[in-house]
Amino acid sequence: MQHALFFMPSGELADPRAAAEVAAAAEEGGWDGVFLWDHVLRHAHEPQEIGDPWVTMAAMAMVTERVRLGPMVTPITRRRPIKLAREAISIDHLSRGRLTLGLGLGVDHSRELTGFGEVVDARTRGARLAEGAELLTRLWSGETVHHRGEHFVADDVCVLPRPVQQPRIPLWFAARGEARKPVRRAARYDGLVPVEVDLDGLAAMIDVVVEERGDLDGFDVAMMYPGDDDLDRAEALGVTWTLHTKRPGVTVAELLTAATAGPG
């Protein structure tokens, strides 16, 4: 099982240099990954200073050599696939193949969809996610892409260079609660990020993944850290990553302490 620090680049961490310092300390401390929340607005009681996760990952990539990096998770619904494809390729090259791209529907808890006129309907966001993920993988192929879908267009375009990681940058998908369609979507790619589920709920999700794939070979399950007492069961279920979450408002000093201490 691998362990990642998981925090939002907000408050003091909105400065990419501070987040990069944390990433370097995490690598030295024995962590396996440093993942970022991807939000553009937050609740009024949380820090309102928010850094861009992609710029921040670039800074982190420059000061690390081993830890995996990635956003957990990026909503395609408020992104253009070509912009996301280019950013992901750039981070993948900058990190020499250490990017994992988490994708999801996004949330509107702090009006980061409605505040900018984005799509709110969950069914439509799900359709945009499915179409966008497929389009991303085609854009990364280095071949000419002809795509005219319900939500996105790529008209006779070729995106180069290809990512360092082949056959593609790993794609992990968020799935919340008892919804099964997002789990089946994740099973077609490289990983699952369960949200707001206990270990019993996770077991049901993993059953769906195995039903879709046949087994868990080559598939990651990245769960929010369940606590020391449940680690063995989580690993037995198939969890490959634990995400040690630090809530918005954590200071640089507090995060450096956790990074230096390591996952133990």
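Residues numbered from 1 in each chain as written. Predicted model: local features only at pLDDT ≥ 70, side-chain atom pairs only at ≥ 80, totals over all residues. Heavy atoms only, no water.

Can you help me understand the packing of helix 1 (residues 16–29) against helix 2 (residues 53–62) in this one?
Between two packed helices, both the angle of their axes relative to each other and the distance between the axes serve to describe the pair. At their nearest, the axes of helix 1 and helix 2 sit 8 Å apart, and the two run at 45 degrees to each other. When the interaxial angle is binned, helix 1 and helix 2 end up oblique. Here the hand of the crossing between helix 1 and helix 2 comes out right-handed. Together, Pro16, Ala19, Ala20 and Ala23 of helix 1 and Val55, Thr56, Ala59 and Met60 of helix 2 make up the contact between the two elements. Looking at the contact of helix 1 with helix 2 residue by residue, the classes come out as seven nonpolar, one polar and no charged. (Axes fitted to C-alpha atoms, helices over the stretch in contact; angles between N-to-C directions. Helix = DSSP H or I, 4+ residues; strand = E, 2+ residues; numbered from the N terminus. Parallel < 35°, antiparallel > 145°, perpendicular 65-115°, else oblique. Left-handed = near helix turned anticlockwise from the far one by under 90°. Contact = heavy atoms within 4.5 Å. Nonpolar A, V, L, I, M, F, W, Y, C, P; charged D, E, K, R; others polar.)

Help me understand the sheet that holds strand 11 (residues 241–246), please; the structure alone is not making it clear to me.
Pairing between sheet strands relies on hydrogen bonds along the backbone, with the strands arranged either parallel or antiparallel. Strand order in the open sheet formed by nine strands is 3-2-1-11-10-9-8-5-4, and the pairing between neighbours is parallel. Where the open sheet ends on each side, the last strands, each with one partner, are strand 3 (68–71) and strand 4 (74–75). Across three bridges, the pairing between strand 10 (residues 220–224) and strand 11 is parallel. Note that in strand 11 the partner of Met224 across the bridge is Leu243. (Pairing = 2+ DSSP bridges.)

Just to check I follow, could you spell out the pairing of strand 11 for this structure?
Within a regular strand, side chains alternate between the sheet's two faces. Of the strand pairs in this sheet, strand 1 (residues 2–7) and strand 11 are connected by six bridges, and their pairing is parallel. Pairing of Gln2 across the sheet is with Trp241, part of strand 11. Taking the sense of rotation as the criterion, the β-α-β connection linking strand 10, helix 7 (residues 231–237) and strand 11 turns out right-handed. (Right-handed = clockwise from strand over helix to strand, strands pointing away.)

Can you walk me through the nonpolar core in this structure?
The nonpolar side chains of a soluble globular protein tend to be buried with one another. Leu13, Leu103 and Trp140 are the most contacted members of the largest nonpolar core, which totals 64 residues. Core analysis: the next-biggest nonpolar cluster, separate from the first, contains 14 residues, Met8, Trp37, Ala222 and Trp241 among them. (Core = buried A, V, L, I, M, F, W, Y, C linked by side-chain atoms within 4.5 Å. Buried < 20%, exposed > 50% of the residue type's maximum accessible area, 1.4 Å probe, protein only.)

Help me understand the layout of surface pockets in this model?
The gaps of empty space that remain are located by a probe, the size of a water molecule, rolled over the atoms. Its volume calculated, the largest pocket comes out at about 740 Å³. The wall of the largest pocket is formed by 27 residues, among which His39, Val73, Val107, Arg176 and Val195 lie closest to the centre. For the lining of the largest pocket, the elements supplying multiple residues, two or more each, are strand 8 (171–176) and strand 9 (191–195). The biggest single contributor to the lining of the largest pocket is strand 8, with three residues. Broken down by class, the residue content of the lining of the largest pocket amounts to 14 nonpolar, six polar and seven charged. (1 Å grid on protein atoms, 1.4 Å probe; cavity = no way out; pocket = protein on both sides within 12 Å on 5 of 7 lines; lining within 4 Å. Points joined across faces, edges and corners; volume = space filled by probe spheres on them.)

Is there a simple way to explain the pattern of salt bridges in this structure?
Any two side chains of opposite charge can pair, given that their charged atoms come close. Tallied over the entire structure, the rule returns ten salt bridges. A salt bridge links Arg233 to Asp200, with the shortest nitrogen-to-oxygen separation between them at 2.7 Å. In this pair, Arg233 sits in helix 7 while Asp200 sits in helix 6 (residues 199–213), placing the two residues 33 residues apart along the sequence. Three or more residues joined by partner-sharing salt bridges are found here, namely Asp38, Arg78 and Glu112. (Salt bridge = Lys/Arg side-chain N within 4 Å of Asp/Glu carboxyl O.)

How do you make sense of the pairing of strand 9 when you look at a structure like this?
Burial within strand 9 is extensive, with five of its five residues counted as buried. Side chains of strand 9 alternate between two faces, with Gly191, Val193 and Val195 and Leu192 and Pro194 buried alike. Relative to strand 9, strand 8 runs parallel, the two being bridged by five bridges. Bridging across to strand 9, Phe173 finds its partner in Leu192. Viewed along the sheet, the connection from strand 8 through helix 5 (residues 181–187) into strand 9 turns out right-handed. Pairing of strand 9 with strand 10 involves two bridges; the strand directions are parallel. When the bridges of strand 10 are listed, Leu192 appears paired with Val221. Between the parallel pair strand 9 and strand 10, the chain is carried across by helix 6, and the sense of this crossover is right-handed.

What's the story with the packing of aromatic side chains in this structure? I'm lost.
For any two aromatic rings, the description comes down to two numbers: the centre-to-centre distance and the angle of the planes. The tally for this structure, following the rule as stated, stands at five aromatic pairs. Ring geometry for Phe173 and Tyr189: centres 4.9 Å apart, planes at 40 degrees, overall tilted. With Phe173 in strand 8 and Tyr189 in the loop between helix 5 and strand 9, this residue pair connects regions lying 16 residues apart in the sequence. A relative accessible area of 1% means that Phe173 is categorised as buried. One aromatic cluster is present, built from ring pairs that chain together Phe35, Trp172 and Trp241. (Phe/Tyr/Trp six-rings, centres within 6.5 Å; stacked < 30°, edge-to-face > 60°.)

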